[in-house]
Amino acid sequence: MTQNNAKKPIRVWTDGCFDMVHFGHANACRQAKALGDYLIVGVHSDEEICKHKGPPVYNEQERYKMVRAIKWVDEVVESAPYVTTIDTLDTYNCDFCVHGDDITLTSEGIDTYHLVKEHKRYREVKRTQGVSTTDLVGRMLLLTKSHHENDESKLPCAETAKDLSTSNETFSPWTRSCQFLATTNKIIQFSDGREPRPGDRVVYTAGAFDLFHIGLLEFLEKVKKEGDYIIVGLHTDPVVNRYKGSNYPIMNLHERTLSVLACRYVDEVVIGAPYKVTKELLEHFKVDLVVHGHTQVAPDVDGSDPYEEPKKQGKFKVVDSDNKLTTADIVERIIAHKLDYEKRNREKELKEAKVFQIHSEMKKKEPNQYKAVNLNQ
Ligand code: CTP
Ligand code: C5P
């Protein structure tokens, strides 16, 4: 008699809004995937998010596509219900549901995971401190620069938190906890650590890659078609600020590094790439092709073309993403809906501050239990 020893793969479900799809979301997916073999991510529709939380900055089509591009995601379920049901887990044959260790509530104040918690089909991963959609929106609305790498005088979130929170009671420990601390460990966790294989065609592209949006994603999707090993050079915060002005970049170099590393099309990131693509750089990384999108190339400080060398070597190409979206357009969206987003941020933080107290009390009593929180009780 033959015995089937093959272990049944563990199928993991996680869901959320994934607005502005940042590296905190990617890190939640990374941790969720590590709890099993196959990760399915349910993403809520714009309508559901508007009902429970207020308008998202990225629309549903953008969010669906961007979550699909996170390298630990195997499948995306569009328009997933806001309250995770047992039926949803069963439909997708998932063993359990995973969420970060913050509490999410419906507009009626009910824990969105109460059903899966009751049925013991809920697991938790650590939320990434110091990054949230709310904080990013705050940086854009208040034009702060304190998140830049070279500004040691302030803690990144403190400035926006102080300005946007009306009192201590609205200070959310989740959405606005503290500064994001970049560590080598996090970079290792996000990186594949893969070197180019012999014969791989190496493609290099450099830029700000700020607020990783659908325009940048569609560009990288096209870049991937140009080669086998994609290296993204990220300019430092002062360099990006020189050519973009205002308070750009909205995300600092560490944050941009993780956002880009989480993208399935990227193999390697140069953290703080020189603005000029030099002969030495091309030799060092054995670059076969240098690409830039359809956007304008700002001259270097001395007025020269940063792509002079690869052009001279016949290794330069413009790759059209067919997508006109820029980081500035995202900022414009936010400014245009300033009042809506401010209201959304305030309400979210107020709710979180309340629920955090209830949740902390529950955890003190029963540290190892996942119990649903109900704001109405
Ligand atoms: N998440 C996380 N770390 C963060 C932000 C989100 O681990 N800094 C996790 C959430 O816990 C959840 C998943 O990412 O498991 C999707 O989160 P989402 O539904 O988008 O909600 P928010 O927590 O509100 O995200 P944000 O604070 O960015 O608005
Ligand atoms: O502006 P930034 O430096 O972040 O752009 C990084 C790269 O992405 C550039 O090559 C730019 O031309 C490209 N891009 C694109 N389509 C967009 C936005 C950016 O091809 N919508």
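Scoring rules and cut-offs
Residues numbered from 1 in each chain as written. Chains lettered and ligands numbered in written order. Predicted model: local features only at pLDDT ≥ 70, side-chain atom pairs only at ≥ 80, totals over all residues. Heavy atoms only, no water. Near = heavy atom within 4 Å. Polar contact = N/O pair within 3.5 Å; in protein donor to acceptor, adjacent residues only side chain to side chain. Areas by Shrake-Rupley, 256 points an atom, 1.4 Å probe, with all protein chains shown as cover. Helix = DSSP H or I, 4+ residues; strand = E, 2+ residues; numbered from the N terminus. Nonpolar A, V, L, I, M, F, W, Y, C, P; charged D, E, K, R; others polar. Contact = heavy atoms within 4.5 Å. Pairing = 2+ DSSP bridges. Axes fitted to C-alpha atoms, helices over the stretch in contact; angles between N-to-C directions.

Draft legend 1. Fine view of the site of ligand 2. Lining the immediate environment of ligand 2, one finds 15 residues, of which Lys244, Gly293, Thr295, Asn323 and Leu325 sit closest. Between ligand 2 and Gly293, the relevant distance is 2.7 Å, taken from an oxygen atom to a main-chain nitrogen or oxygen of the residue. Across the complex, the protein chains shield 95% of the 470 Å² of accessible surface that ligand 2 would expose by itself. With three residues, the single largest contributor to the shell around ligand 2 is helix 9 (residues 214–224). Within the shell around ligand 2, the residues separate by chemical class into five nonpolar, eight polar and two charged.

Draft legend 2. Region of the structure containing the environment of Val297. Examined against the element boundaries, Val297 turns out to sit in the loop between strand 9 (289–292) and helix 13 (308–312). The spatial distance from the C-alpha of Val297 to the C-alpha of Tyr307 is 8.9 Å, given a sequence separation of ten residues. Excluding residues within four positions of it along the chain, Val297 makes contact with Tyr275, His292, Asp305, Pro306 and Tyr307.

Draft legend 3. Geometry of the sheet that holds strand 8 (residues 268–271). If you trace the five strands from one edge of the open sheet to the other, you get 8-7-6-9-10, paired in parallel fashion. A single partner strand is all that each edge strand has here, and the edge strands are strand 8 and strand 10 (316–318). Averaged over all adjacent pairs, the angle separating strand axes in this sheet is 25°, with direction ignored.

Draft legend 4. Broad picture of the site of ligand 1. Taken together, 17 residues lie around ligand 1, and His22, Asp102, Arg127, Val131 and Thr133 are the ones closest in. At 2.9 Å, a backbone N or O of Phe18 approaches an oxygen atom of ligand 1. Val131 is positioned such that a nitrogen or oxygen atom in its backbone is 2.6 Å from a nitrogen atom of ligand 1. Considered on its own, ligand 1 offers 550 Å² of accessible surface; in the complex 98% of this is hidden by protein. Looking at the shell around ligand 1, the elements that each hand over two or more residues are helix 1 (23–34) and strand 4 (96–100). Sorting elements by how many residues they give to the shell around ligand 1 places helix 1 first, with three residues. In terms of residue class, the shell around ligand 1 is made up of four nonpolar, nine polar and four charged.

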